[in-house]
Amino acid sequence: MTTPPKSRAAAAKGGPVVLDEISKQIIEQLQTDGRRPYAAIGKAVGLSEAAVRQRVQRLLDLGVMQIVAVTDPLTLGFPRQAMIGIKCEGDLEQVADELSQIPEIDYVVLTAGSVDIMVEVVCEGDTHLLEILGKIRAISSVRATETFVYLKLHKQTYSWGTR
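Labelled according to an unreviewed UniProt entry, the protein chain appears under the name Transcriptional regulator, originating from Microbispora amethystogenes.

The following block contains the structure:
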């Protein structure tokens, strides 16, 4: 593994982090099962458990990956999900920072096209969605929103690998 920048922001400025094949294999193992023991990963990639542990920690420290529990919002009482397109004026980064402070927003991305920013929200219902839309529309640089309510989640995956 090369010595890439220390943060995701630094990595974005300096280009992508370059990974060797073993690090890529470790990531792919964890994408299949984030709780897989380091000893089992080590056997699969030809390293000791300690070496895998060190590599995983380095990948985490560099912001290359995160190991998280992905939940199903429906089973946790959040039946309404939506993607909201936002048209803005002014500094998009500042608007994105303000949007990121809203707890119900779990995804914020600056876009090219008919909207400037897309956000994803997970809500307790339609009344809750209306409250969140009110918070978004209260941001001074927001000019318009368009809401796309999820009717059915057909596919969601985090296993695109390292290509």
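Student: Honestly, the environment of Leu-19 in this entry has me stumped. Any pointers?
Tutor: Mapped onto the secondary structure, Leu-19 falls in the loop between α1 (8–14) and α2 (21–32). A sequence separation of 40 residues divides Leu-19 from Leu-59, and the C-alpha atoms of the two residues are 9.5 Å apart.

Student: What should I look at first to understand a negative patch on the surface in this one?
Tutor: Taken together, the side chains of Asp-91, Glu-93, Asp-97 and Glu-98 make up a negatively charged region of the molecular surface. Looking at where Asp-91 falls in the secondary structure, it is placed in the loop between β1 (80–88) and α5 (92–100).

Student: Just to check I follow, could you spell out the packing of α2 against helix α3 (residues 38–45) for this structure?
Tutor: Between two packed helices, what matters for the description is the angle formed by their axes and the separation of those axes. Two elements in contact, α2 and α3, have axes separated by 10 Å at closest approach and are oriented at 135 degrees. One element, α2, and the other, α3, form an angle in the oblique class. Crossing angle aside, the handedness with which α2 passes α3 is right-handed. Residues Ile-22, Gln-25, Ile-26, Gln-29 and Leu-30 of α2 form the contact with α3, whose own contacting residues are Ile-41, Ala-44 and Val-45. The residue makeup of the contact of α2 with α3, split by class, is 6 nonpolar, 2 polar and no charged.

Student: Before we go on, may I ask you to explain the sheet that holds β1 in this structure?
Tutor: Pairing between the strands of a sheet comes from backbone hydrogen bonds, and it takes one of two forms, parallel or antiparallel. Ordered by their spatial adjacency, 4 strands build an open sheet running β2-β3-β1-β4, and the pairing between neighbours is antiparallel. Two strands in the sheet have a free side with no partner beyond their single neighbour: β2 (105–110) and β4 (142–149). Strand after strand, the sheet turns through a mean of 20 degrees between neighbouring axes, direction not considered. The pairing of β1 with strand β3 (residues 117–123) spans 7 bridges and is antiparallel. Within β3, the residue paired with Met-83 across the bridge is Glu-120. Against the sheet, helix α6 (residues 126–137) engages β1, β2, β3 and β4, with an angle of about 155 degrees to β4.

Thresholds applied
Residues numbered from 1 in each chain as written. Predicted model: local features only at pLDDT ≥ 70, side-chain atom pairs only at ≥ 80, totals over all residues. Heavy atoms only, no water. Helix = DSSP H or I, 4+ residues; strand = E, 2+ residues; numbered from the N terminus. Patch = residues over 30% accessible without salt bridge, like charges linked within 9 Å, V, L, I, M, F, W, Y side chains within 5 Å. Areas by Shrake-Rupley, 256 points an atom, 1.4 Å probe, with all protein chains shown as cover. Salt bridge = Lys/Arg side-chain N within 4 Å of Asp/Glu carboxyl O. Lys, Arg positive; Asp, Glu negative; His and termini not counted. Charge placed at Lys NZ, Arg CZ, Asp CG, Glu CD. Axes fitted to C-alpha atoms, helices over the stretch in contact; angles between N-to-C directions. Parallel < 35°, antiparallel > 145°, perpendicular 65-115°, else oblique. Left-handed = near helix turned anticlockwise from the far one by under 90°. Contact = heavy atoms within 4.5 Å. Nonpolar A, V, L, I, M, F, W, Y, C, P; charged D, E, K, R; others polar. Pairing = 2+ DSSP bridges.

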